[in-house]
Amino acid sequence: MTFTEETRVKAREIIARYPMSRSALLPMLHLVQSEEGFVSADGIALCAEELGLTTAEVAAVATFYTMYHRKPVGEYHIGVCINPGCGILGGDAIWSTLCNRLGIGNDEVTEDGKISLERIECQAACTHAPVMTANWEFLDNMTPESAVDVVEKLKSGQEVMSTRGPRIRSFKENEATLAGFDDGLVDAGVNADESMLAGLKRAKELGMSAPEAK
Amino acid sequence: MAIAQGSLTPVLSAHWDEADSYTIGAYMRHGGYTAFKKAFQQGPDQIITTVKDSGLRGRGGAGFPTGLKWSFVPQGDGKPHYLVVNADESEPGACKDIPLMLANPHALIEGIIIASFAMRANHAFIYLRGEVPHVFRRVNNAIREAYQAGYLGKNIMGSGFDLEVVLHAGAGAYICGEETALLDSLEGRRGQPRLKPPFPAVAGLYASPSCVNNVETIANIPYIVNNGVDWFRSFGTEKSPGFKLFAVSGHVNRPGIYEAPLGITMRELLEHAGGVRNGHKVKFWLPGGSSVPMLTPEHLDTPMTYEAISEAGSMLGTGTPMVFDETTSVVRAVTGWLAFYKHESCGKCTPCREGTYWISDVLHRFEEGHGTEDDIDKLVEICQQISGRSFCALGDAASTPFPAALKYFRDEFLQATRTPANETYSPEKATVFAGVAR
């Protein structure tokens, strides 16, 4: 697709954040992905033009990182953590359940374009295992049943809340967030959930606290 | 008064039970943004001395003394300096920086102000892994609030000190947690490690003197500056002073964040976390990520310090213990971790690129029940060929899980020359929803 002038203005906004323009490349790739749902040849060309790089230089970067997709993902890109900390605690079972239910495998998209699946590695949420993500928002402490429920709801356009974050929005919308464009959702969801508070709660129950400075 | 052994001591996490804990208002209600003003009065050299004297060690995994790292940044060289915060938390088992940034991002921002002031950096970057948009929102909001309060930007509080802070999202690459790969990635390149020397302190970001520090490390700084070296050293041991966000995960009844002095034992942490899930017992545990050797129940009384865990044959790493009970197949776990390292190897150096492929391939044979005794020797040899011979620590990490598992569970690998792991150990029984009515 041909990008609008608006996209180029945003790209220049990103470039202006950095002392050296090339540092803007990763967020710019998130930006073009937020417009197209993947990184196309046109998206690569836009980054190259704005940064004075060759398309080969940009493609070399775009293909290194797993979050950049060279073909469209679903409106809701679902990650299932299969790293042992989650996989053993139930992630592997969730993965096979979702594959069977949706009839797709890793890096594949349902026919209606709604859901894609990815086997993901550690999401830094092992205390909330098994963990899934929907467009990278946390879905913590999942079971095969709750996983199916989430994808069915997303497929049929119903609202799904992240367990530590906002209502699940589209893949493109979240890519714009990662490019650094504020979405006004900072206050969504809890500040800290039960697992994050487990130690503080226990300390209070036992009357424990850090000593005051003298 | 000395802190009683086994205590929990919430500092970074002390106010997470207040719903607005991530806002500047909450942070300031509890004394936030007073430390950087003290730092401005004391001057950069005094801050570096304080951090050195505190004995604070890097919380990202390597445990390098933070003040010493700062002091490597040459001063008066006329070049721009950069502070880069490593917020690329991706180590399997590590899940403490992400909660910290969700619930208390201002401790990080104030730490950045003080650290940048100390090393005379006028530009700081937070390199956050891309897969956490809600953390991005919380940290970006904290930066915005700090600018609005006049704590970031030009001539902060009339001090003459300028600081710009930029939040930067990565895009899915574990290797970018390696500091030189992170710098290449932040420069808009493939995230591959650099040959050292030169070290980042001499030629880091944009070939300028730079310092890369972990999130939790930097978040400690305001508390150290505010409360002093003696206070900080009242936690932990001589060689491992301070407190730590221990993220306890796996087969425990109450997985979560437990903030305690370094030196608490795993048995004490387990008790706080409600013990191993009911009716089960510990089979093996990893003190700080999949990149450190596993330990067994006999090591549960080891103090969680850099020195004691090292003595026990492992490493404290990220200080985020993962606990697995007797329903877990060690063959399956190790095969899973090696699939991870194979996936994340950046491909730059041959030992890691080829070696992770081969270890992973041979381990799959065991998982499927047709490894051979010769394969065990082969794996030992491949691990020896990678360790110490790869470009960065990822190769060393990849050659860690198997030898450690073999040391304690050789019989299980022998069993896996005949029987698939999933037959010896039912995967269903190891899940958290096993036997739970659904």
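Quick note: structure is the one above.
Residues numbered from 1 in each chain as written. Chains lettered and ligands numbered in written order. Predicted model: local features only at pLDDT ≥ 70, side-chain atom pairs only at ≥ 80, totals over all residues.

### Digging into the overall build of chain B
Argument step 1. When helices and strands are tallied, chain B shows 20 helices and 8 strands.
Argument step 2. Since a compact globule built from 438 residues should have a radius of gyration of about 22 Å, the 22 Å found for chain B is in line with a globular shape.
Argument step 3. Here the C-alpha coordinates of chain B stretch approximately 75 × 45 × 40 Å along the principal axes.
Argument step 4. Counting the 438 residues in chain B, one finds 61% classified as buried.
Argument step 5. Considering only contacts within chain B whose residues lie at least 6 apart along the sequence, 72% involve residues at least 24 apart. (Helix = DSSP H or I, 4+ residues; strand = E, 2+ residues; numbered from the N terminus. Rg over C-alpha atoms; globule rule 2.2 N^0.38 Å. Buried ≥ 20, exposed ≤ 12 C-beta atoms within 10 Å, placed from the backbone. Contact = placed C-beta atoms within 7 Å.)

### Quick word on the overall build of chain A
Argument step 1. When helices and strands are counted, chain A shows 8 helices and 5 strands.
Argument step 2. Secondary structure elements of chain A, listed N to C terminal, follow the sequence α-α-α-α-β-α-β-β-β-β-α-α-α.
Argument step 3. Taken along the three principal axes of its C-alpha coordinates, chain A extends 60 × 60 × 30 Å.
Argument step 4. For chain A, with 214 residues in total, the buried portion stands at 54%.
Argument step 5. Of the contacts made within chain A by residues no fewer than 6 positions apart, 62% connect residues no fewer than 24 positions apart.

### Observations concerning unusual backbone geometry
Argument step 1. Here the bond from Ala129(A) into Pro130(A) is cis, since omega is -5°, no more than 30 degrees from zero.
Argument step 2. Here Pro130(A) shows up in the loop between strand S3 (115-120) and strand S4 (132-134).
Argument step 3. A cis amide bond, omega 5°, links Pro197(B) with the succeeding residue Pro198(B).
Argument step 4. Within the fold, Pro198(B) resides in the loop between helix H8 (179-186) and helix H9 (200-203).
Argument step 5. Its identity as a non-glycine residue notwithstanding, Asp107(A) has a phi of 60°, on the positive side.
Argument step 6. For Asp107(A), a count of 14 C-beta atoms within 10 Å translates into the label partly exposed.
Argument step 7. Phi at Ala207(B) takes a positive value of approximately 60°, unusual for a residue other than glycine.
Argument step 8. The topology assignment puts Ala207(B) in the loop between H9 and strand S4 (210-214).
Argument step 9. A tally of 12 C-beta atoms within 10 Å means that Ala207(B) is categorised as exposed.

### A few points about the sheet that holds strand S1 (residues 82-87) of chain B
All names here are of chain B.
Argument step 1. With parallel pairing, the 4 strands of this open sheet are ordered in space as S3-S2-S1-S4. Two strands close off the open sheet at either side, each with one partner strand: strand S3 (164-169) and S4. Strand-to-strand twist of the sheet, defined as the mean angle between neighbouring strand axes without regard to direction, takes the value 20°.
Argument step 2. Relative to S4, S1 is paired through 5 bridges, and the arrangement is parallel. Across the sheet, Leu 83 pairs through a bridge with Cys 211, a residue of S4.
Argument step 3. Running over the sheet, helix H7 (residues 133-148) touches strand S2 (123-128) and S3 and is turned about 170° from S3. (Pairing = 2+ DSSP bridges. Axes fitted to C-alpha atoms, helices over the stretch in contact; angles between N-to-C directions.)

### Considerations on the interface of chain A and chain B
Argument step 1. Counting residues at the interface gives 69 residues for chain A, matched by 84 residues for chain B.
Argument step 2. Within the residue set of the side of chain A that touches chain B, elements represented by two or more residues are helix H2 (25-36), helix H4 (55-62), helix H5 (84-102), strand S5 (137-139), helix H7 (171-178) and helix H8 (194-205) of chain A.
Argument step 3. Looking at side-chain class alone, the side of chain A that touches chain B contains 39 nonpolar, 21 polar and 9 charged residues. (Nonpolar A, V, L, I, M, F, W, Y, C, P; charged D, E, K, R; others polar.)

### A few points about the sheet that holds S3(A)
Residue and element names in this part refer to chain A.
Argument step 1. One open sheet accounts for 5 strands, arranged S2-S3-S1-S4-S5; its pairing is mixed. The strands lining the two open edges of the sheet, one partner per strand, are strand S2 (108-109) and S5.
Argument step 2. Of the pairings in the sheet, the one linking S2 to S3 comprises 2 bridges and is antiparallel in character. Across the sheet, the residue bridging to Val 109 is Ser 116, located in S3.

### Quick word on the nonpolar core
Argument step 1. Judged by nonpolar contacts, the single largest core of 210 residues is most densely connected at Val84(B), Val85(B) and Ile114(B).
Argument step 2. Other than its neighbours up to four places away in sequence, Ile114(B) contacts Ala35(B), Phe36(B), Ala39(B), Ile47(B), Ile221(B), Pro222(B) and Val225(B). (Core = buried A, V, L, I, M, F, W, Y, C linked by C-beta atoms within 7 Å.)

### Notes on the packing of helix H14 (residues 330-344) of chain B against helix H15 (residues 350-367) of chain B
The relative placement of two packed helices comes down to the angle between their axes together with the axis-to-axis distance.
Residue and element names in this part refer to chain B.
Argument step 1. It is at 9 Å that the axes of H14 and H15 come closest, and there the two elements cross at 155°. Considering their axes alone, H14 and H15 lie roughly antiparallel with respect to each other. The element H14 and its partner H15 pack so that their crossing is left-handed. Mapping the contact onto sequence places Val 331, Arg 332, Val 334, Thr 335, Leu 338, Ala 339, Tyr 341 and Lys 342 in H14 and Thr 356, Tyr 357, Ile 359, Ser 360, Leu 363, His 364, Phe 366 and Glu 367 in H15. (Parallel < 35°, antiparallel > 145°, perpendicular 65-115°, else oblique. Left-handed = near helix turned anticlockwise from the far one by under 90°.)

### Points about the pairing of strand S5 (residues 243-250) of chain B
All names here are of chain B.
Argument step 1. Counting buried positions along S5 yields 8 of 8 residues, so the element is predominantly enclosed.
Argument step 2. Alternating residues of S5 divide into Phe 243, Leu 245, Ala 247 and Ser 249 and Lys 244, Phe 246, Val 248 and Gly 250, and every residue in both groups is buried.
Argument step 3. Pairing between S5 and strand S6 (residues 256-261): 6 bridges, direction antiparallel. Across the sheet, Leu 245 pairs through a bridge with Glu 259, a residue of S6.
Argument step 4. Counted between consecutive antiparallel strands, the loop separating S5 from S6 contains 5 residues.
Argument step 5. Judged from the 2 bridges that link them, S5 and strand S8 (residues 322-325) form a sheet pairing that is parallel. Residue pairing across strands places Gly 250 opposite Val 323, the latter belonging to S8.

### Focus: the packing of H15(B) against helix H16 (residues 373-386) of chain B
All names here are of chain B.
Argument step 1. At a minimum axis separation of 10 Å, H15 and H16 run at an interaxial angle of 160°. With respect to each other, H15 and H16 are oriented roughly antiparallel. Here H15 runs over H16; the crossing is left-handed. Judged by residue contacts, Pro 351, Cys 352, Gly 355, Trp 358, Ile 359, Val 362 and Arg 365 of H15 engage Asp 375, Lys 378, Leu 379, Ile 382, Cys 383, Gln 385 and Ile 386 from H16.
Argument step 2. Taken together, the residues of the contact of H15 with H16 break down into 9 nonpolar, 2 polar and 3 charged.

### A closer look at the pairing of S8(B)
Within a regular beta strand, the side chains point alternately toward one face of the sheet and then the other, so they alternate between its two faces.
Argument step 1. Where strand S7 (residues 282-286) of chain B and S8(B) come together, 4 bridges link them in antiparallel fashion. Following the sheet pairing, Trp285(B) is matched in S8(B) by Val323(B).

### A word on helix H2 (residues 35-42) of chain B
Residue and element names in this part refer to chain B.
Argument step 1. Buried within H2 we find Ala 35, Phe 36 and Ala 39. Each buried residue of H2 lies within a common arc of 95° when the element is viewed along its axis, so the set occupies one face.
Argument step 2. Lining the buried residues of H2 we find helix H3 (44-54), helix H6 (105-118) and helix H10 (215-227).
Argument step 3. Following H2 by one or two positions, Gly 43 adopts a phi angle in the positive range, close to 95°. (Arc of directions from axis to C-beta.)

Read these as geometric descriptors, not functional statements.
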